[in-house]
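Inside the fold
Below, each chain spelled out in residue letters.
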Amino acid sequence: MTTTEHGTHGGTYDSPGTGHPGDGDGDGDGGGVVGGAAAAAGQYLIGGELPVHRMGFGAMRLPAPAWEGPAHDPARGVEVLRRAVDLGVNHIDTAAFYFFQDIAANDLIRTALHPYPEDLVIATKVGPGRLPDGSWTDPADPAELRRAVHRNLRELGRDHLDLVYLRFLGSDGPGEDRFATLAALREEGLIRHLGVSGASPQQLAEARTIAPVAAVQNRFSPLERPDAELVHHCARDGIAFVPYFPFGGAGAPDLGRVEAVAARHGVTPAQVTLAWLLAVSPAMLAIPGTSSPAHLAENVAAAALTLSPEDLADLDALGEDG
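In short, a report on the structure.

About the thresholds
Residues numbered from 1 in each chain as written. Predicted model: local features only at pLDDT ≥ 70, side-chain atom pairs only at ≥ 80, totals over all residues. Heavy atoms only, no water. Helix = DSSP H or I, 4+ residues; strand = E, 2+ residues; numbered from the N terminus. Buried < 20%, exposed > 50% of the residue type's maximum accessible area, 1.4 Å probe, protein only. Contact = heavy atoms within 4.5 Å. Areas by Shrake-Rupley, 256 points an atom, 1.4 Å probe, with all protein chains shown as cover. Salt bridge = Lys/Arg side-chain N within 4 Å of Asp/Glu carboxyl O. Axes fitted to C-alpha atoms, helices over the stretch in contact; angles between N-to-C directions. Parallel < 35°, antiparallel > 145°, perpendicular 65-115°, else oblique. Left-handed = near helix turned anticlockwise from the far one by under 90°. Nonpolar A, V, L, I, M, F, W, Y, C, P; charged D, E, K, R; others polar. Expected span 1.5 Å × (residues − 1). Polar contact = N/O pair within 3.5 Å; in protein donor to acceptor, adjacent residues only side chain to side chain.

Broken down by element type, the protein chain carries ten helices and 14 strands. Within the protein chain, buried positions represent 54% of all 322 residues. Pairs at least 24 residues apart make up 75% of the contacts formed inside the protein chain by residues separated by at least 6 positions. Looking at the protein chain as shown, the accessible area adds up to about 13100 Å², and 52% of this sits on carbon and sulfur atoms.

Between Gly 69 and Pro 70 the backbone carries a cis peptide bond, its omega angle lying at 0 degrees. Locating Pro 70 in the fold gives a position in the loop between β4 (57-58) and α1 (74-86). Put simply, His 114 and Pro 115 share a cis peptide bond, and its omega is 0 degrees. Within the secondary structure layout, Pro 115 lies in the loop between α2 (105-113) and β8 (121-126). Unusually for a residue other than glycine, Gln 101 sits at a positive phi of about 55 degrees.

As a further point, take the pattern of salt bridges. Tallying each qualifying case throughout the model produces 13 salt bridges. Between Arg 186 and Glu 187 there is a salt bridge, with the nearest N and O atoms lying 3.6 Å from each other. The exposed category is assigned to Glu 187, whose relative accessible area is 63%. Among the ionic pairs, Arg 264 bridges to Glu 310, the shortest N-O distance being 3.8 Å. Of this pair, Arg 264 sits in helix α7 (residues 256-265) while Glu 310 is found in helix α10 (residues 309-321), placing the two residues 46 residues apart along the sequence. Through salt bridges with shared partners, a single ionic network connects Arg 264, Glu 310, Asp 311 and Asp 314.

All right, on to the packing of α1 against α2 then. Two numbers describe how α1 lies on α2: the axes approach to 9 Å, and their chain directions differ by 60 degrees. In terms of their interaxial angle, α1 and α2 are classed as oblique. Judged by the twist between their axes, the crossing of α1 over α2 is right-handed. Side by side, α1 and α2 meet where Pro 74, Val 78, Leu 81, Arg 82 and Val 85 of the first sit next to Leu 108, Ile 109, Thr 111, Ala 112 and Leu 113 of the second. Residue composition of the contact of α1 with α2, grouped by class: eight nonpolar, one polar and one charged.

In a regular helix each residue adds 1.5 Å, so 15 residues correspond to 21 Å; helix α3 (residues 142-156) covers 21 Å between its end C-alpha atoms and thus fits that length. Those residues of α3 lying buried are Leu 145, Ala 148, Val 149, Asn 152, Leu 153, Glu 155 and Leu 156. The inward-facing, buried residues of α3 contact α2, β8, β11 (161-167), α4 (176-187) and β12 (191-197). If you check the start of α3, you find a side-chain oxygen 3.1 Å away from the backbone N of Ala 143, and it comes from Asp 141. Gly 157, located one to two residues past α3, shows a positive phi value of around 70 degrees.

Here the focus is the side chain of Asn 106. Along the polypeptide, Asn 106 turns up in helix α2. Apart from residues no more than four positions distant in its own chain, Asn 106 is found in contact with Thr 94, Ala 95, Ala 96, Asn 152, Glu 155 and Leu 156.

Shape descriptors only; they carry no functional weight alone.
If you want it as structure tokens, here you go:
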């Protein structure tokens, strides 16, 4: 069984456009695709009712390229966010612990986009504890989770959060009390949909006994596919799968097979990687991040890249090579 799937699941997916990155009317504002270039990836309904384009944006790298810095220019971060929305991105992933010194992703998002477009979905994560000096603390307990949700509401200037993930860490134990806390905040109207991140199949199953889970955000890339079966189950059950570190965490993989596919299409390895992710499953939502306007345009253009069966077979073989 290969990783890539074909077809649709649960009525949650609209077929993407086809073609080559950059095809369109040449106006530079959306690649000629109705709804912007990001719309070429198709649409997914988070929780069965919240529509997003499958090509989104991750805000982690806006403050700095790494947790230790150095700082990126905040003005450029604001520029990137506004350009992303211009390109049709309507799903932005963030967290209150995405910051370096006094530069925070949530603050940049609010500065750039508030008042927010009506169709913009902002997802955030809670769970890890991070102090103002950047050091990490033990995972948040239920009271700290509640405070973290209110912090995100305050920083983003929202009266509710569209999607909140409970982020598990490797040392985390069972998450019943913590997920139940988020479920209670959902009942209070402060959270619209719940997700889990860094979760095992067991932790996902546990969470689903407490409240509906709309999305899973786990590490997934051409070389790292421990959750291939979980991706299939998410698609079957109407749960979005949102991969982080699609390039392995440090740029596009420097792999011969990826480069060969990129050469066939005249695109970059990063664009091939993103197109492969979107082809893996109709439940896959890409959230590549960058602080560069040029890289942003490249990433979003990958929404229009259609990989052939030969391409997909070559890329599927990467998991076997690794």
